[in-house]
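Topology and contacts: notes
Here is what each chain is made of, one letter per residue.
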Amino acid sequence: MKKFNIRKVLDGLTAVSSSSSASAQPGTHRENDVVQETLQSEHFQLCKTVRHGFPYQPSSMAFDPVQKILAVGTQTGALRLFGRAGVECYCQHESGAAVIQLQFLINEGALVSALADDSIHLWNLRQKIPAILHSLKFNRERITYCHLPFQSKWLYIGTERGNIHIVNVESFTLSGYVIMWNKAIELSTKTHPGPVVHISDNPMDEGKLLIGFECGVVVLWDLKCKKADYRYNYDEAIHSVAWHHEGKQFVCSHSDGTLTTWNVRAPAKPAQIITPHGKQPKDGKKPEPCKPILKVEYKTTRAGDPFMVLSGGLSYDTVGRRACLTVMHGKSTTVLEMDYPIVDFLTLCETPYPNDFQEPYAVVVLLERDLVLIDLGQIGYPIFENPYPLTIHESPVTCCEYFADCPAELIPALYSIGSRQKRQGYSKKEWPISGGNWGQGTQSYPEIIITGHADGSIKFWDASALMLQVLYKLKTAKVFERARGKEEKPNTDIVEEDPFAIQTLSWCPESRMLCVAGVSAHVIIYRFSKQEVTTEVVQLLEVRMQCEFSDVDSPDPGGEQTPTLPTPGASSSPQEAEPPTQPTTGSNSSDGPRDNIPCLQVRSSPLKQSPGYQVELVIQLVWVSGEPPQQITSLAINSSYGLVVFGNSNGLAVVDYLQKTLLLNMGTSELYSPSDPYQRQPHSPRKARQPSGAVCDSNDGPNTSEDRCKSPTSDAKDNSFSRSRSSSVTSIDRESREAISAFYFCESFPRKTDSLVSPCVLVGTTQGSVMMVALSLPPGGDQRLQQPVGISSCGTLARLKGGILTMALLDAAGTLLPPSYESWYDPNASDEEKEKSRKRRPASPPTSQEGQDSQFAVLCSEKQAKVVALPSQTRIYKHNITETSFVLRADVVQMAGTNCIACFCANGHIMTLSLPSLRPLLDMNYLPLTDMRIARTFCFSNMGQALYLTSSTEIQRITYSQETCDNLQEMLSELFTPVETPEAPNRGFFKGLFGGGAQSLDREDLFGETTAGKASRSLAQHIPGPGNMEGMKGAASGVVGDLARARIALDERGQKLGELEERTAAMMSSAESFSKHAHDMMLKYKDKKWYQL
């Protein structure tokens, strides 16, 4: 444990190095004043933990019917595996090529993936972090289709050239057996049949392989005789093929919307041709062509008609109709509309055996942005309630906050309210994808993630124990009137789309107070209540914030100051929401500029508020002389003081939400006191202004009034990141706009001369200034609601390079002093209950002896961090975080029982600094910034946790804690669980006697090297995976345990194969012995007559 002396230095003295060493002012600190720092570099390690949400850009899907595990592949080479609720896993192919097909080795704990770069990979799922055991890269041919028969080790691979190669999945070597396209089709055919689009073996005869070519030709290939038994020709291109389980019929889906049913032994013409969605002409002509049927599945039941499930095939006159899944059962045809285009679907059946009645019970449909499970066993085909957190992207995420170690009662409270929001009409059955087991997590603290969305909704998620479950959804747009048509829409929006989008939020978990700021320059304050209430009139406060560049009388930093009166033009008392067409003070006539008009219209009708978060107050910034209000850049709420403070590029405002009054509306330049060394000269305002906010891309070119801020969702296409708060931008236009970037409520020493702490708010700006504002609060109870709150600016505390990102306060021992709060009470409960539960958490009132500091202010900007001693306001530590880049997100977090600063830089580095000495503890290059989404959503939390949106649909969680990294194996869920494979269907006496039932095939004899020979070496290249035996030694230390388990699994498999070989050898020996005895008996009785025996 190292000890660091806290010494004062002359403010402004630049340290020689970027570390925290500094010289001391003589006689200011006693030498025994030391802060013991316990955090060391060994406490930190960076690794990904889990990924939540819907797989981004899905491309393929597979299901293991015994293990009950679903696998989804994506266009970016990702693999997502899902089991029961809370069991999910993410892994990634290094090449990043699209996953075109997935095949489980059913009940083997393995998965084969085929990629668009013509490689196939074998994944071991018996370990918690799946690893690739083998890879095979094809050099000369492109992979189009794969098929792995149940309980077979031979994988058929169809190619673009029309050939079929066979791979041994145990050794990942190619067999010399190849089915060439020119042997499969008729010799008289003059054209190439096109790529292989389907391969499957006859359910009743493994020796017969059905091959579908794109052109419409289907071939039944005899594997033993190496010839085509039958060829089936149809004029339309084939998209998919499905067998009847008895192996006597199969169905093809075609590009003209038809389904053709063929009898295996009658290749001349189809037994049946139907067009499920085609209009049947009366004169017997062919029905009108429809869109292609992209996939068909044919599933039988013991009692009743078979199911035929298909996607696509709608008639061309249904333009604009949504994607549909069609279920044909007997004479009924049901068309199920989907919200998004269908990527793939699978019918889930009771048996893994293809030669038995399939007994389908559900259809899993993978859509472009959703996963839907349909219950085939209930009338009307209801969907199952999805237990996975796949609705993160229901509306695009615009902001994100992460709270680890929350009050224990919060999650149950939010869950009980949120459970009432669930929709009805789901299937009553259990979710059928139920494989895997939960991890044995040692983390027991509650974690909550809050996401703000483009439609104005806010979602609370339970993120405890590496899981994610939605708790509660709040719709902030309910507070406003919705424009019914374009002509009714008032042209006062500062964003053209998503006017309700959440820009930033401030949440106090202890008091459950919530404050959100939207892109239309509005702030809404919410209280949490378990009781329903109807609000007759929504309380509204309109604030007129403008840049006043006249000479200002700055507050005197010396003595006490009278409470600042509300600025003229701002409502100081709640008013009823009135439509903007008839404002009391506003003007929106065509003659003059818009003035005093908010961007959104608060609803005037009574608002029914369900249990949960209920509106306390709406604050709206208004247009000023034709100029739209600037978007809010920073926001904070304090339940103990009853105050909300927010700021933008015009200044800051303080609102008393208990009295519903505006206390302070001050320009940024007015916060600087006249005696302040950092005083700025007033600048003339910009003519045109672009609303500035974290979600807006900024550029240094001239802005016109038409240059409106983009919606937070409109930057998804543009992956380039442009600075929005950079201090290095030297444009005069930018320099003139110093926006408020951070707030921190605290109980501290507002002035150097103070010896007692009092309520304050620290204010940080985009130009690196930190100002202190003192608050004078009346006593509690009724006086708090009647007497005004006093506010005085106390000038600048410090100046840093770059915009201020975060601020905090430590006591003399280096312990974090969090903002004081009021414990939660139900605002709609009786007065007695309120008084019981209302307890203001007292802030410890440290006193400062003359000449001695008792607090440290921690300040972090885009470029550097500083620690300032209070009340003397002298800098004692400084650290330059980055010279060439800039910090995007910084938070003061709790870690291993103490505190540190965690930073995420635009160059991808994640860093931590000790407190108060600012020693670098971690610096790892993790994630180069590729798009604005990461910058907007990255956030740190306590206990070494962090997260960001890695795509528009997925949250990636990471940890920077060594302890969590060490325990990650135990915490992760298990995908593979030992399950007995169901018994094979009984062949029956007569089928066994007369040779019916399934015919087996000795594939080893047929495809093995002794019979088929070796494949061409140049055809494909074998690549051992990192999870393979050869690559075990060099594997990363983090997955050694997993790889050891993989090796054990492989050894077990090898041992079983060894035992099988031994048994085979014993049987052969026994057979030889029997043969010898039989031969001896034959010789003994060879020459004897029958009557001599």
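Residues numbered from 1 in each chain as written. Predicted model: local features only at pLDDT ≥ 70, side-chain atom pairs only at ≥ 80, totals over all residues. Heavy atoms only, no water.

1. Observations concerning the overall build of the chain
To keep things clear, this is the line we draw: Labels follow the DSSP assignment, with helices taken as runs of H or I lasting at least four residues and strands as runs of E lasting at least two, numbered in each case from the N terminus. Buried means the residue's accessible area, taken with a 1.4 Å probe over protein chains only, is under 20% of the maximum for its type, while exposed means over 50%, and partly exposed covers the values in between. Throughout, a contact is declared for two residues whenever any of their heavy atoms are within 4.5 Å. Every accessible area reported is derived by Shrake-Rupley at a probe size of 1.4 Å, with residue values counting cover from the shown protein chains alone.
A tally of regular secondary structure across the chain gives eleven helices and 61 strands. Of all 1093 residues assigned to the chain, the portion counted as buried reaches 56%. The contacts of the chain with a sequence gap of at least 6 include a subset with a gap of at least 24, amounting to 61%. Counting only carbon and sulfur atoms, one obtains 50% of the accessible surface of the chain, whose full area is about 47900 Å².

2. Observations regarding the packing of aromatic side chains
The criterion, for reference: Any Phe, Tyr or Trp ring, taking Trp's six-membered ring, that has another such ring centre within 6.5 Å forms a pair; planes under 30 degrees apart are called stacked, those over 60 apart edge-to-face, and the others tilted. In our convention, an over-ring charge means Lys NZ or Arg CZ found within 6 Å of a ring centre and within 35 degrees of that ring's normal.
Following the criterion strictly, the structure yields 23 aromatic pairs and no others. Measuring from centroid to centroid gives 6.2 Å for Tyr472 and Tyr613, while their planes differ by 45°, and the two rings are tilted. Of this pair, Tyr472 sits in strand β34 (residues 469-475) while Tyr613 sits in strand β41 (residues 612-621), and the two are 141 residues apart along the sequence. Take Tyr472: its relative accessible area is 4%, and that puts it in the buried class. Note on Tyr613: relative accessible area 4%, which makes it buried. Seen in terms of ring centroids, Phe904 and Phe938 are 4.1 Å apart; in terms of plane orientation they differ by 15°. Their pairing is stacked. Of the two residues, Phe904 sits in strand β55 (residues 898-905) while Phe938 sits in the loop between α6 (932-937) and β58 (939-941), which places them 34 residues apart along the sequence. Overall, Phe904 belongs to the buried group, its relative accessible area being 0%. Three or more aromatic residues joined by ring pairs make a cluster, and in this case those are Phe44, Phe904, Tyr926, Phe938, Phe940, Tyr948 and Tyr960. Its guanidinium or amino end placed over the ring of Trp438, Arg84 lies 6.0 Å from that ring's centre, counting from NZ or CZ.

3. Comments concerning empty space enclosed by the protein
Condition: Cavities and pockets were defined on a 1 Å grid built from protein atoms only: a cavity is a group of points that admits a 1.4 Å probe but offers it no way out, a pocket is an open group of points flanked by protein on both sides within 12 Å along at least five of seven lines, and a lining residue is one with an atom within 4 Å of any such point. Grid points are joined across faces, edges and corners, and a volume is the space filled by probe spheres set on the points. For this classification, Asp, Glu, Lys and Arg are treated as charged, while Ala, Val, Leu, Ile, Met, Phe, Trp, Tyr, Cys and Pro are nonpolar and the rest, including Gly, are polar.
By the definition in use, this model includes three cavities of 30 Å³ or more. Taken as a whole, the largest cavity holds about 60 Å³ of empty space. If you trace the largest cavity, you find it lined by Ser511, Met513, Arg527, Phe528, Ser639, Glu822, Ser823, Trp824, Tyr825 and Pro827. Split by residue class, the lining of the second largest cavity holds six nonpolar, two polar and one charged.

4. Notes on the side chain of Arg544
Short version of the rule: Throughout this description, a polar contact denotes any pair of N or O atoms lying within 3.5 Å of each other; where both atoms belong to protein, one of them has to be capable of donating a hydrogen while the other can accept it, and for residues adjacent in sequence the pair is counted only when both atoms sit in side chains.
Tracing the backbone shows Arg544 in the loop between β39 (540-543) and β40 (607-609). Of the polar contacts made by the side chain of Arg544, one reaches the side chain of Asn596; its length is 2.4 Å.

5. So, the sheet that holds β55
Let me state the cut-off plainly: Paired strands are those between which DSSP finds at least two bridges. Axis lines are fitted to C-alpha atoms, over the contacting stretch for helices. Their N-to-C directions set the angle, which ranges from 0 to 180 degrees.
If you walk across this open sheet you meet the four strands as β54-β55-β56-β57, and the pairing is antiparallel. Every interior strand has two partners, whereas the edge strands, β54 (887-895) and β57 (920-925), have only one. Direction aside, neighbouring strands of the sheet carry axes that sit 15° apart on average. For β55 and strand β56 (residues 909-914), the ladder comprises five bridges, and the chain directions are antiparallel. The residue of β56 that forms the bridge with Phe904 is Ile910.

6. Observations regarding the pattern of salt bridges
Note the threshold: What makes a salt bridge here is a side-chain nitrogen of Lys or Arg within 4 Å of a carboxyl oxygen of Asp or Glu, nothing more.
Tallied over the full model, the rule gives 27 salt bridges. In this structure, the salt-bridge partner of Lys227 is Asp229, at a minimum N-O distance of 3.3 Å. According to the relative accessible area criterion, Lys227 is partly exposed, its value standing at 43%. For Lys473, the salt bridge identified is with Glu394, shortest N-O distance 3.3 Å. Placement of the pair is Lys473 in strand β34 and Glu394 in the loop between β30 (371-375) and β31 (397-404), with a sequence separation of 79 residues. Through salt bridges that share partners, Arg51, Arg80, Glu88 and Glu954 make up one connected network.

7. Digging into the environment of Met911
As for its placement among the helices and strands, Met911 is situated in strand β56. On the accessibility criterion, Met911 (9% relative accessible area) is buried. As a C-alpha pair, Met911 and Ala890 span 21 residues in sequence and 9.4 Å in three-dimensional space.

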